[in-house]
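Survey of secondary and tertiary structure
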Amino acid sequence: ADMRGVSCALEDRCASSLSQLCRAAAEYTHAHEAAAAGSMHARQAASSSLSSSSPYASPSEDDACMQNRAVKAAKQQLQRTCDEWPPELPKNIKYHLFISKDEKYRYVAAHIASAMTRVGLRCWLSQEQKDQGQLIDIASMQKGVDESACILLVASTGIFHAHRKWVWQAEVKYGIEKDK
């Protein structure tokens with residue numbers, strides 16, 4: 001499979017399920033943040049594990065159960081909808097998705113990455129790279145884009161403001177130039 005095949009599988013036949021999964025992860029994060037507002041203990045708990053593969057999560061078992069159901073349903077839908085799930089990655093491509101986001105929304109991005117990972121996709125996410133001891137600078141982000149089949153932009157208020165040039169210049173614009 002070439003990158004176009006991975007991109008097409010993610011964009012066309014599977015877009016609805018992936019979109020629903022992203023929405024569920026974002027709603028989960030917003031509900032968690034509302035419950036945790038003002039509580040330092042709850043904010044620290046937001047850094048505990050949602051799954052064994054992601055270092056970001058919620059302290060609420062009910063919320064986690066809801067997300068688990070959403071992930072399971074999306075995975076089943078993706079397996080029914082797509083010819084091959086997860087799409088095979090071409091040589092020299094390590095990730096299905098490069099997740100681009102404003103740092104203010106890192107928990108939303110982390111929950112999206114966790115949900116995507118749980119349905120079988122490999123994700124590049126700056127905070128996971130940083131947690132693994134990697135330097136996060138423009139060159140490393142562009143390397144992440146190069147090693148990813150597609151870019152998933154967590155569109156949020158102010159994402160294209162001048163102070164967020166890393167997002168729109170080092171990630172999104174660079175990805176467009178690289179036909180991601």
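Figured I'd write up the structure that's included with this text. Just so we're clear, the structure is a prediction, and the values are computed from it rather than from any experiment.

**Re the nonpolar core**
- One finds Leu97, Ile99, Ile112, Met116 and Leu152 to be the most contacted residues of the largest nonpolar core, which totals 27 residues.
- Residue assignment for this core shows that the elements contributing at least two residues are α2 (15-36), α4 (61-81), β1 (95-100), α5 (106-118) and β3 (148-153).
- Beyond its immediate stretch of four places on either side in the chain, Met116 contacts Leu18, Leu21, Cys22, Leu97, Leu121, Cys123 and Leu152.
- Judged by nonpolar contacts, the second largest core, of six residues, contains Tyr95, Phe98, Met141 and Tyr174.

**Observations concerning the environment of Glu171**
- Looking at the secondary structure, you find Glu171 in helix α8 (residues 165-177).
- For the pair Glu171 and Gly144, spaced 27 residues apart in sequence, the C-alpha to C-alpha distance is 8.9 Å.
- When near neighbours in sequence (up to four residues on either side) are disregarded, Glu171 contacts Phe98, Ser100, Lys101, Met141, Val145, Ile151 and Trp166.
- There is a polar contact of 2.4 Å between the side chain of Glu171 and the side chain of Ser100.

**Observations regarding the environment of Val108**
- You can see Val108 is positioned in helix α5.
- In sequence terms Val108 and Val154 are 46 residues apart; their C-alpha atoms lie 8.2 Å from each other.

**A closer look at unusual backbone geometry**
- The residue Asn92 is not glycine, and still its phi comes out positive at about 70°.
- You can see Asn92 is positioned in the loop between α4 and β1.
- You can call Asn92 exposed: its relative accessible area is 64%.
- One non-glycine residue, Asp179, lies in the positive phi region at around 60°.
- Looking at the secondary structure, you find Asp179 in the segment after α8.
- We classify Asp179 as exposed; its relative accessible area is 51%.

**Remarks on the sheet that holds strand β2 (residues 123-124)**
- A sheet is described by the order of its strands in space; here three strands give the open sequence β2-β1-β3, paired in parallel fashion. Edge strands, defined here as strands with exactly one partner in the open sheet, are β2 and β3.
- Along the sheet, α5 makes contact with β1, β2 and β3, crossing β1 at roughly 170°.
- Against the sheet, α8 engages β1 and β3, with an angle of about 130° to β3.

**A few points about the packing of aromatic side chains**
- What the rule picks out here adds up to one aromatic pair.
- On the basis of an interplanar angle of 15° and a centroid distance of 4.5 Å, the ring pair of Phe98 and Trp124 is categorised as stacked. Separated by 26 residues along the polypeptide, Phe98 in strand β1 and Trp124 in strand β2 bring together distant segments of the chain.

**Brief notes about the pairing of β1**
- With six of six residues buried, β1 is to be regarded as a mostly interior element.
- Note that β1 and β3 share five bridges and pair parallel. Pairing of Phe98 across the sheet is with Ile151, part of β3.
- Alignment of β1 against β2, held across two bridges, turns out to be parallel. From the neighbouring strand, Leu97 faces β2, where its bridge partner is Cys123.
- Considered for its hand, the β-α-β crossover made up of β1, α5 and β2 is right-handed.

Rules behind the numbers
Residues numbered from 1 in each chain as written. Predicted model: local features only at pLDDT ≥ 70, side-chain atom pairs only at ≥ 80, totals over all residues. Heavy atoms only, no water. Core = buried A, V, L, I, M, F, W, Y, C linked by side-chain atoms within 4.5 Å. Buried < 20%, exposed > 50% of the residue type's maximum accessible area, 1.4 Å probe, protein only. Helix = DSSP H or I, 4+ residues; strand = E, 2+ residues; numbered from the N terminus. Contact = heavy atoms within 4.5 Å. Polar contact = N/O pair within 3.5 Å; in protein donor to acceptor, adjacent residues only side chain to side chain. Pairing = 2+ DSSP bridges. Axes fitted to C-alpha atoms, helices over the stretch in contact; angles between N-to-C directions. Phe/Tyr/Trp six-rings, centres within 6.5 Å; stacked < 30°, edge-to-face > 60°. Right-handed = clockwise from strand over helix to strand, strands pointing away.

None of this, on its own, says anything about what the molecule does.
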